[in-house]
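Listed below, chain by chain, are the residues.
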Amino acid sequence: WIDLSFNQLEEVPAVRPTLSTLAPRPQRLLRALTCWRQVLAAYVKLSVIYLHANRIRKLSSASALAELPNLRSLTLHGNPCEQTKNYKMLVYGMFKQIKSLDFSTITVIDREKTASFYARYLKIKEERKSNKD
């Protein structure tokens with residue numbers, strides 16, 4: 001697992017450092033990163049990622065992490081993106097594999113509600129994109 005909470009992270013990196021380049025003090029060096037998504041997405045065995053209390057504005061910034069097959073727990077609370085309308089349902093839809101969000105267990109009822117909501121959300125998003133083109 002990796003804890004990147006309280007780091008003021010907000011953007012996506014253009015480089016992919018290895019964890020060995022961040023040793024022996026990964027927390028200190030990670031605090032200096034302003035970009036984080038691609039760095040974490042490279043570590044497919046990550047199962048827990050704490051990103052709470054940063055400056056992540058857009059939920060879409062975390063989308064690359066949705067492809068981590070072993071991700072089971074994610075924290076994003078305390079970020080500006082938490083104020084997004086339907087925040088939890090959007091995260092549940094984006095991260096189908098996680099079991100816990102912001103230290104709360106995701107229930108079967110949460111998943112059932114999310115399924116239809118997220119399908120409608122994606123459809124509307126695609127329609128808006130088509131109309132712009």
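Just so we're clear, the structure is a prediction, and the values are computed from it rather than from any experiment.

(A) Expanded view of the overall build of the chain. Tallying secondary structure elements over the chain gives 5 helices and 5 strands in all. The order of helices and strands in the chain, counted from the N terminus, is β-α-α-α-β-β-α-β-β-α. For the chain, buried positions account for 38% of its 133 residues. Taking contacts inside the chain between residues at least 6 apart in sequence as the whole, the part at least 24 apart equals 69%. When the accessible surface of the chain is split by element, carbon and sulfur atoms take 54% of a total near 8,300 Å².

(B) Examining the sheet that holds strand β5 (residues 104-105) more closely. Spatially, 5 strands are ordered β1-β2-β3-β4-β5 in an open sheet, and the strand pairing comes out mixed. The open sheet terminates on both sides in strands that have one partner only, identified here as β1 (2-3) and β5.

(C) Layout of helix α5 (residues 108-132). Its 25 residues give α5 an end-to-end C-alpha distance of 36 Å, which sits within 8% of 36 Å, the value for a rise of 1.5 Å per residue. The largest bend in α5 comes to about 30°, at T114. Taken together, the buried residues of α5 touch α4 (87-94).

(D) Structural context of the environment of L40. Summarising the element assignment, L40 is placed in helix α3 (residues 37-41). Residues L40 and L65 lie 25 residues apart in sequence; the distance between their C-alpha atoms is 7.1 Å.

(E) How the structure looks around the environment of S47. Examined against the element boundaries, S47 turns out to sit in the loop between α3 and β2 (48-50). A relative accessible area of 28% means that S47 is categorised as partly exposed. S47 sits 23 residues away from N70 along the chain, and the two C-alpha atoms are 4.9 Å apart. Filtering out sequence-adjacent residues up to four positions away, S47 remains in contact with N70, L71, R72 and S73.

(F) Representation of the side chain of D102 within the structure. By the secondary structure assignment, D102 is in the loop between β4 (100-101) and β5. One buried charge, D102, has no salt-bridge partner; the nearest side chain with opposite charge is K88, at 5.8 Å. At 2.6 Å, the side chain of D102 and the backbone nitrogen of L76 are in polar contact. Other than its neighbours up to four places away in sequence, D102 contacts L74, T75, L76, H77 and Y87.

(G) Region of interest: unusual backbone geometry. The phi dihedral of D102 falls on the positive side, at around 55°, and the residue is not glycine. One non-glycine residue, F103, lies in the positive phi region at around 70°. Of note, F103 is situated in the loop between β4 and β5.

(H) Structural detail: the confidence of the model for the chain. The pLDDT averaged across the chain works out to 81; a share of 77% of its residues lies at or above 70. When the criterion is pLDDT under 50, residues 19-32 qualifies, and its contacts beyond four places in sequence or with other chains add up to 13 contacts.

Criteria and cut-off values
- Residues numbered from 1 in each chain as written.
- Predicted model: local features only at pLDDT ≥ 70, side-chain atom pairs only at ≥ 80, totals over all residues.
- Heavy atoms only, no water.
- Helix = DSSP H or I, 4+ residues; strand = E, 2+ residues; numbered from the N terminus.
- Buried < 20%, exposed > 50% of the residue type's maximum accessible area, 1.4 Å probe, protein only.
- Contact = heavy atoms within 4.5 Å.
- Areas by Shrake-Rupley, 256 points an atom, 1.4 Å probe, with all protein chains shown as cover.
- Pairing = 2+ DSSP bridges.
- Expected span 1.5 Å × (residues − 1).
- Bend = angle between axes of the 7 residues up to and from the residue.
- Lys, Arg positive; Asp, Glu negative; His and termini not counted.
- Salt bridge = Lys/Arg side-chain N within 4 Å of Asp/Glu carboxyl O.
- Polar contact = N/O pair within 3.5 Å; in protein donor to acceptor, adjacent residues only side chain to side chain.
- pLDDT = per-residue confidence, 0-100.

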